[in-house]
Amino acid sequence: MTTSRRRVLLALGSSLLVPVFGGDAFAQPATRADRAFEALGRRWLDRSMRYSPVSATTIGDHRYDDRIDDVSAAGRNAGLRFTRDTLRRLEAIDPSQLSRANQVDYAMLANALRAQIWQTETWQTWAWNPLGYQAIAGGALYGLMAREFAPLPQRLESATARMEQLPDLLRKTRAELVPARVPAPHAETYAAQNPGLKSIVTDMIEPHKGVLTERKRARLERAIAAFNAAVDEHQAWITGTLVPAAQADFRAGADIFDTQLGYTLQSTLSRADIRARAEAAVRSVREEMYRVSKLALAGQAGAPPTPDNPTPEQQQAAIRAALDLAAADRPARDRLVETATEATEEARRFVIEKDLITLPDGPVRVILMPEFQRGFAVAYCDSPGPLERHLDTFYAVSPIPDDWSDEQTASFLREYNNRGTLDIAVHEAMPGHYVQIWHSNRYPSTLRAVLGSGSFVEGWAVYAEEMMVQEGFRADDPLYRLSQLKVQLRTITNAIIDQAIHCDGMSREEMMRLLTQTAFQEEREAAGKWRRAQLSVTQLSTYFVGFQEHLETRAAAEAEQGDAFNLKAYHDGVLSFGSPPGRFARQLLLDEPIQ
């Protein structure tokens, strides 16, 4: 399944001349409570940036590009004290006295602060999840080199300074992680990703060192040598110490899962609610897949029977046979980026033709996924921060691993066949993540952009897939509709396995049976999902829950507006509030009380 790279607790400095709050905050006279909240928000954003320079680079504040995060216990505890102090100050403000826009931002900030405190003190992710450290180490260099926000020599000097500090970050990582508390899947993924840190230097830094003066180039080369040696030393520790000792249970358990679910979704739906809705959706989507399969199989020699009232076995056989037709039309192993680029352009032309939503001026760039980030998702959308909305957006596609057999490769390409890749392009780029984040970055509240809701973002992308079909995309191609429904079924089963694995003890065999039989996934896709479900807790639920919220908000808007409903105006409207949790977007759009 795809994902979008989310910015977590990113920050900006108050010296930057951009609005921090927006929407109703500008339309209504500011109350004393509004002024107090806005001052607190600026303070939190500024201090958070100091605690996370790597995140600050991503969002577009470059005052600290030559620094990296302090991942030591002292650094962590300093951040925790600041978070607690901010929450205390926030709770002293009466949210009922705020503008509607600030009420939403208040709720999002409170949620983020409480989540950070709980994750640090109770869940203690710093002690057992090495992938958080990997994101900082890789992001420290990648964030500087991926986008041209400043002249190349300036970015190389910052990269040099960060490389000089990264050996210390890796040493602190070894000091903070408790190997016995690390689950094996996390350690194994870390072992595979860590060498990719060197590839950032090889691919993105070394080819450009000639632009530096002789003195600065010599400093860069010393930093590279020390950095590469530190990565090698760290890899030896990972393989020699961490991986053998990492035997902790990766399953979160019901208490941890439910708490994190609340912070992730900010939804009124409980785990049981989500499960009931998902199981009902599985049945309805499979029924639609059968109806479409009948169309696709009509006139096909040797096609299985497709009666109006099929048995479960007949339904399964017909859907499988039709999906096999789609799977036979697949890209070459070495043309994934080209195929994704062509698919994105086809979707873009349709969106323009139907005038479905206001589009960004510039294109999205399809790239191979950086090595240090591979092993979690097949694709993701990497959008610029809200302070640098003019810079490139990347649609990253993971290449097929070199060591995969022909059988494994064929399994992967059957899943990501030409029609499946087209649907993923709709999800990631057009009019999915790329378009939605562009709209989000136009909203004046940088605070809201920093705290954006993953379920709103992922839910929009799934909604975009369904909406495109409903508006006639590939209307004469039932195999495309079937492929899109298969991906939708994947988002539904994501929500099921997310809780079933972490709360109910679902085994790998049980999950594989659900995904390959009920959801028709190929073996490679299902096997990859087992690893992803082990590494994440509640993120797999964001797609389905967010999709449901978007469907319900649109239905409410249609009911309220009747014949006056306009789809483009609705899309532009619901995306005009940034990326708040779905229930807040609905309340803002329909002028309902903020709850």
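It should be emphasised that the depicted structure is a prediction, and the values quoted were computed from it without experimental measurement.

Draft legend 1. Up close: the pattern of salt bridges. In this structure the tally under the stated criterion is 45 salt bridges. Between aspartate 324 and arginine 414 there is a salt bridge, with its nearest N and O atoms 2.7 Å apart. One end of the pair, aspartate 324, is in helix H14 (residues 312-327); the other, arginine 414, is in helix H16 (residues 406-415), and 90 residues separate them in sequence. Judged by relative accessible area, arginine 414 falls into the partly exposed class, the value being 23%. Where arginine 490 meets glutamate 525, a salt bridge forms, and the shortest distance between an N and an O atom there is 3.6 Å. Of this pair, arginine 490 sits in helix H21 (residues 478-504) while glutamate 525 is found in helix H23 (residues 523-535), placing the two residues 35 residues apart along the sequence.

Draft legend 2. View of helix H18 (residues 433-442). The buried fraction of H18 amounts to nine of the ten residues, a majority that puts the element mostly inside the structure. Among all positions in H18, only His433, Tyr434, Val435, Gln436, Ile437, Trp438, His439, Ser440 and Asn441 are buried.

Draft legend 3. The packing of helix H7 (residues 130-145) against helix H9 (residues 184-193), seen in detail. At a closest axis distance of 9 Å, the pairing of H7 and H9 adopts a crossing angle of 20°. Taken together, H7 and H9 sit at an angle that is classed as roughly parallel. Once H7 is placed against H9, the crossing between them reads as left-handed. Only His186, Thr189, Tyr190 and Gln193 of H9 make contact with H7, whose side of the interface consists of Pro130, Leu131, Tyr133 and Gln134.

Draft legend 4. Highlighting the packing of aromatic side chains. Counted by the stated rule, this structure contains ten aromatic pairs. Taking the centre distance of 5.2 Å and the plane angle of 45° together, the rings of tryptophan 460 and tyrosine 463 count as tilted. A residue pair is termed a helical-turn pair when its members lie 3 or 4 positions apart in one helix, as tryptophan 460 and tyrosine 463 do in helix H20 (residues 454-470) at three residues. According to the relative accessible area criterion, tryptophan 460 is buried, its value standing at 0%. Put simply, the rings of Trp118, Trp123, Trp128 and Tyr263 touch in pairs and so form one group of aromatic residues. The ring of tryptophan 126 is capped by arginine 76, whose NZ or CZ atom sits 3.6 Å from the centre of that ring.

Reading the values: the criteria
- Residues numbered from 1 in each chain as written.
- Predicted model: local features only at pLDDT ≥ 70, side-chain atom pairs only at ≥ 80, totals over all residues.
- Heavy atoms only, no water.
- Salt bridge = Lys/Arg side-chain N within 4 Å of Asp/Glu carboxyl O.
- Helix = DSSP H or I, 4+ residues; strand = E, 2+ residues; numbered from the N terminus.
- Buried < 20%, exposed > 50% of the residue type's maximum accessible area, 1.4 Å probe, protein only.
- Axes fitted to C-alpha atoms, helices over the stretch in contact; angles between N-to-C directions.
- Parallel < 35°, antiparallel > 145°, perpendicular 65-115°, else oblique.
- Left-handed = near helix turned anticlockwise from the far one by under 90°.
- Contact = heavy atoms within 4.5 Å.
- Phe/Tyr/Trp six-rings, centres within 6.5 Å; stacked < 30°, edge-to-face > 60°.
- Lys NZ or Arg CZ within 6 Å of the ring centre and 35° of its normal.

Any functional reading would require information beyond the geometric quantities listed.
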